[in-house]
Protein chains: 4
Amino acid sequence: MSTSAKKKVFVTQQQVRFGDVDPAGIAYYPKIYDLIHQAFEELWDVHVGKRYYHLLCEAKLGFPLVHAEVDFKQPLHFGDRPVVSITCFKLGRSSIGLHYVFEVAGHVCVDAHMTVVCVELETLASKPIPDEFRAKFEEILEEA
Amino acid sequence: MSTSAKKKVFVTQQQVRFGDVDPAGIAYYPKIYDLIHQAFEELWDVHVGKRYYHLLCEAKLGFPLVHAEVDFKQPLHFGDRPVVSITCFKLGRSSIGLHYVFEVAGHVCVDAHMTVVCVELETLASKPIPDEFRAKFEEILEEA
Amino acid sequence: MSTSAKKKVFVTQQQVRFGDVDPAGIAYYPKIYDLIHQAFEELWDVHVGKRYYHLLCEAKLGFPLVHAEVDFKQPLHFGDRPVVSITCFKLGRSSIGLHYVFEVAGHVCVDAHMTVVCVELETLASKPIPDEFRAKFEEILEEA
Amino acid sequence: MSTSAKKKVFVTQQQVRFGDVDPAGIAYYPKIYDLIHQAFEELWDVHVGKRYYHLLCEAKLGFPLVHAEVDFKQPLHFGDRPVVSITCFKLGRSSIGLHYVFEVAGHVCVDAHMTVVCVELETLASKPIPDEFRAKFEEILEEA
């Protein structure tokens, strides 16, 4: 009898607003990266439980993007309310690889792998991810 | 005696403006994608010689992004004036792979591979790249 | 004996995100206009009860801005969660004057008067505000 | 014999890009404020002769917006290349009122009065405009 625990996925929902779409009625792609960043902030606020704002202003840590690979499989349209699922595909000493899947009505629209690195905001020097946060990213770690 | 023709590279220059940077003083990454799109519009206007505006409004063609892979090697700071070099790393029947390198003072800051597909704007159905445009992308094609 | 009914105010809450702020740590003002537009979309979705997306796509109506007067009384900072109150200060045949007040911890940060006009999206010609919508704006009309 | 000196006007040209327009094909208004800010940066770089970047980073001065009144007379469309004229309509001890007129093919599209205040970046406390800059704003001062 299997008792394998299902790995957690963090899920949030977004909305494609008027200001996000181009003359063709589909999301202008730099705006999709803006949505990805907003989902990242949600992940901190809700899943990690550390407000992203506090992380920067109090802990003086930042998470700049070092590598991004994104598949745009279907266009996102004005009015769409994509469900965004986030898992962790890589967890290094300082680096975190996050996998975002945007789905609308069961269809994958955007599939993104974004690698960020933990840095001291002041110097931009990389730092180990603090343990309290690491545990939260382990919870959503994809199985090998 | 060498007869190797040097492949052309399209070069343009941009500026990291006040509205592009975040509280850490470095470019907010969705804004870097905005810069990439602006460089893409320049490529059409100046190198291809077809104004991007005319392409959409008159030829009714669009070039949505289908895949993007970007390395953020160094942060772009407020006031930086990156030199952007564009070459073509892949040229299919409908798809164009464009390689953007952002350099500041000789250091590569951003290295992006962006694949777009030629579509009819109305239906978003893929179309072969018209020959007159294809020739221009061949000119900046990277050697195998 | 006064029986004056208190006029309704539509209230929504927003968040000043990482991508909204500049190197000084305060909201870059074009982003504040973006927040105003998002509050306007909320007003349609929640108070008027007509999804803004449907208004544009189905009713083929738009509400372009014709006049805007905004006081920036206090800066909005990263992490602020302004409470936005919207009332109607003018209701013409086609035009709607909306008054937005952004407050953080009881202090007014932004006070904006924005006048939009009802138009047919196709032609941009002005049209009378449909009665079903007009009634909703009357509900939040400020007293003379 | 007339000796009336013609007051100087600072003129710059902009472009309405793909990412600036909405599904109706006209500029999304928060993007127009972005264009206004870009014209303001040009004014510093070219007319005042102090790079806006240096102003913030070296002189540690900022010019946050305190009041804005804008008429949107005609829509700006994708591909438009508005000519922007800037004059000064008010010059106080710390405050500068700037008047921006956007014209396309001789028609005024946007007419904006924007009042900014000179502040120390660190504290956001208002400061007198340094004399070297004041002289440049006097040059473009509108006649009473």
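Values in this document were obtained by computation on a predicted structure and should not be read as measured data.

Definitions and limits used
Residues numbered from 1 in each chain as written. Chains lettered and ligands numbered in written order. Predicted model: local features only at pLDDT ≥ 70, side-chain atom pairs only at ≥ 80, totals over all residues. Heavy atoms only, no water. Helix = DSSP H or I, 4+ residues; strand = E, 2+ residues; numbered from the N terminus. Rg over C-alpha atoms; globule rule 2.2 N^0.38 Å. Buried < 20%, exposed > 50% of the residue type's maximum accessible area, 1.4 Å probe, protein only. Contact = heavy atoms within 4.5 Å. Areas by Shrake-Rupley, 256 points an atom, 1.4 Å probe, with all protein chains shown as cover. Lys, Arg positive; Asp, Glu negative; His and termini not counted. Charge placed at Lys NZ, Arg CZ, Asp CG, Glu CD. Pairing = 2+ DSSP bridges. Axes fitted to C-alpha atoms, helices over the stretch in contact; angles between N-to-C directions. Phe/Tyr/Trp six-rings, centres within 6.5 Å; stacked < 30°, edge-to-face > 60°. Disulfide = S-S within 2.5 Å. Buried area = accessible area lost by both parts, 1.4 Å probe. Salt bridge = Lys/Arg side-chain N within 4 Å of Asp/Glu carboxyl O. Polar contact = N/O pair within 3.5 Å; in protein donor to acceptor, adjacent residues only side chain to side chain. Nonpolar A, V, L, I, M, F, W, Y, C, P; charged D, E, K, R; others polar. 1 Å grid on protein atoms, 1.4 Å probe; cavity = no way out; pocket = protein on both sides within 12 Å on 5 of 7 lines; lining within 4 Å. Points joined across faces, edges and corners; volume = space filled by probe spheres on them.

Chemist: Please explain the overall build of chain A as it appears in this structure.
Modeler: Scanning chain A from terminus to terminus reveals three helices and seven strands. Counting helices and strands in the order they occur from the N terminus, chain A gives β-α-α-β-β-β-β-β-β-α. For chain A, the C-alpha radius of gyration of 16 Å lies close to 15 Å, the compact-globule estimate for 144 residues. Once the C-alpha set of chain A is aligned to its principal axes, its extents read approximately 50 × 45 × 25 Å. When the 144 residues of chain A are sorted by exposure, 53% land in the buried category. When contacts within chain A are restricted to residue pairs at least 6 apart in sequence, long-range pairs at least 24 apart make up 67% of them. Accessible surface for chain A amounts to roughly 6300 Å². Of this, 50% is attributable to carbon and sulfur atoms. Of the side-chain charges in chain A, 15 are positive and 20 negative, and the distance between the mean point of each set is 4 Å.

Chemist: Where do I start with the sheet that holds strand β4 (residues 83-91) of chain A in this structure?
Modeler: What links the strands of a sheet is backbone hydrogen bonding, and the strands pair in either a parallel or an antiparallel sense. Strand order in the open sheet made by the ten strands is β1(A)-β4(A)-β5(A)-β6(A)-β3(A)-β3(B)-β6(B)-β5(B)-β4(B)-β1(B), with antiparallel pairing throughout. Two strands in the sheet have a free side with no partner beyond their single neighbour: β1 (10-13) of chain A together with β1 (10-13) of chain B. The sheet shows a mean angle of 20 degrees between the axes of neighbouring strands, direction not considered. Bridging between strand β4 (residues 83-91) of chain B and strand β5 (residues 95-104) of chain B involves eight bridges; their strand directions are antiparallel.

Chemist: Even after reading the chapter, I still don't get the packing of aromatic side chains, so can you show me in this structure?
Modeler: Working definition: an aromatic ring pair is given by the centre-to-centre distance plus the angle between the planes. All names here are of chain A. All chains considered together, the criterion is met by 54 aromatic pairs over all chains. Measuring from ring centre to ring centre gives 5.0 Å for tryptophan 44 and phenylalanine 63, while their planes differ by 45 degrees; the resulting arrangement is tilted. Placement of tryptophan 44 in helix α1 (residues 29-48) and of phenylalanine 63 in the loop between β2 (61-62) and β3 (65-72) is noted, with a sequence separation of 19 residues between them. Of the two residues, tryptophan 44 and phenylalanine 63, neither departs from the other in class, the shared state being buried.

Chemist: What exactly am I supposed to notice about the pairing of strand β3 (residues 65-72) of chain B here?
Modeler: Here is the key point about a regular strand: its side chains alternate between the two faces of the sheet. Where β3 of chain A meets β3 of chain B, five bridges bridge the pair, whose relative direction is antiparallel. Counted as the bridge partner of glutamate 69 of chain A is glutamate 69 of chain B from β3 of chain B.

Chemist: Even after reading the chapter, I still don't get the state of the cysteines, so can you show me in this structure?
Modeler: Considering all chains together, one arrives at zero disulfides over all chains under this definition. Looking at cysteine 109 of chain A, it has no disulfide partner, and the nearest cysteine sulfur is the one in cysteine 57 of chain C, 16 Å off. Accessibility expressed as a relative area gives 4% for cysteine 109 of chain A, which makes it buried. Looking at cysteine 57 of chain D, it has no disulfide partner, and the nearest cysteine sulfur is the one in cysteine 118 of chain D, 15 Å off.

Chemist: Any chance you could explain the interface of chain A and chain B here in plain terms?
Modeler: Accessible area lost upon the coming together of the parts serves often as the stated size of an interface. Residue-level contacts link 21 residues of chain A with 21 residues of chain B. Together chain A and chain B conceal approximately 2100 Å² of surface at their shared face, both sides included; 61% is due to carbon and sulfur atoms. Among the residues chain A hides against chain B, the three largest losses belong to Tyr29, Tyr33 and Leu65 of chain A. Together they make up 26% of the total. There are zero salt bridges connecting chain A and chain B. Inspection of the chain A/chain B interface yields twelve residue pairs in polar contact (both at pLDDT 80 or more). Breaking the side of chain A that touches chain B down by element, the ones donating at least two residues are α1 and β3 of chain A. Among the residues forming the side of chain A that touches chain B, the class breakdown is 16 nonpolar, two polar and three charged.

Chemist: Looking at this structure, how should I read empty space enclosed by the protein?
Modeler: Over the atoms rolls a probe the size of a water molecule, and its path tells where empty space is left. Counted under the stated rule, the structure contains eight cavities of 30 Å³ or more. Considering the residues around the largest cavity, the lining is formed by 18 residues, among which Lys31 of chain A, Lys31 of chain B, Lys31 of chain C together with Lys31 and Asp34 of chain D are closest to the centre. Broken down by secondary-structure element, the contributors of at least two residues to the lining of the largest cavity are α1 of chain A, α1 (29-48) of chain B, α1 (29-48) of chain C together with α1 (29-48) of chain D. For the lining of the largest cavity, the residue count by class is eight nonpolar, two polar and eight charged.

Chemist: Is there a simple way to think about the interface of chain A and chain C in this case?
Modeler: Between chain A and chain C, the contact holds 19 residues from the first and 19 residues from the second. Of the roughly 1600 Å² buried where chain A meets chain C, counting both sides, 50% is carbon and sulfur surface. In terms of surface lost to chain C, no three residues of chain A exceed Arg17, Phe18 and Phe78 of chain A, which account for 36% of the buried area on that side. Taken together, the connections running from chain A to chain C amount to four salt bridges. As a salt-bridge pair, glutamate 41 of chain C and arginine 17 of chain A come within 3.8 Å of each other at their nearest N and O atoms. Our count for the contact surface shared by chain A and chain C stands at two residue pairs in polar contact (both at pLDDT 80 or more). The set of elements that each furnish at least two residues to the side of chain A that touches chain C consists of α1 and α2 (52-57) of chain A. In terms of residue count, the dominant contributor to the side of chain A that touches chain C is α1 of chain A (seven residues). Classifying every residue of the side of chain A that touches chain C by side-chain character gives six nonpolar, five polar and eight charged.

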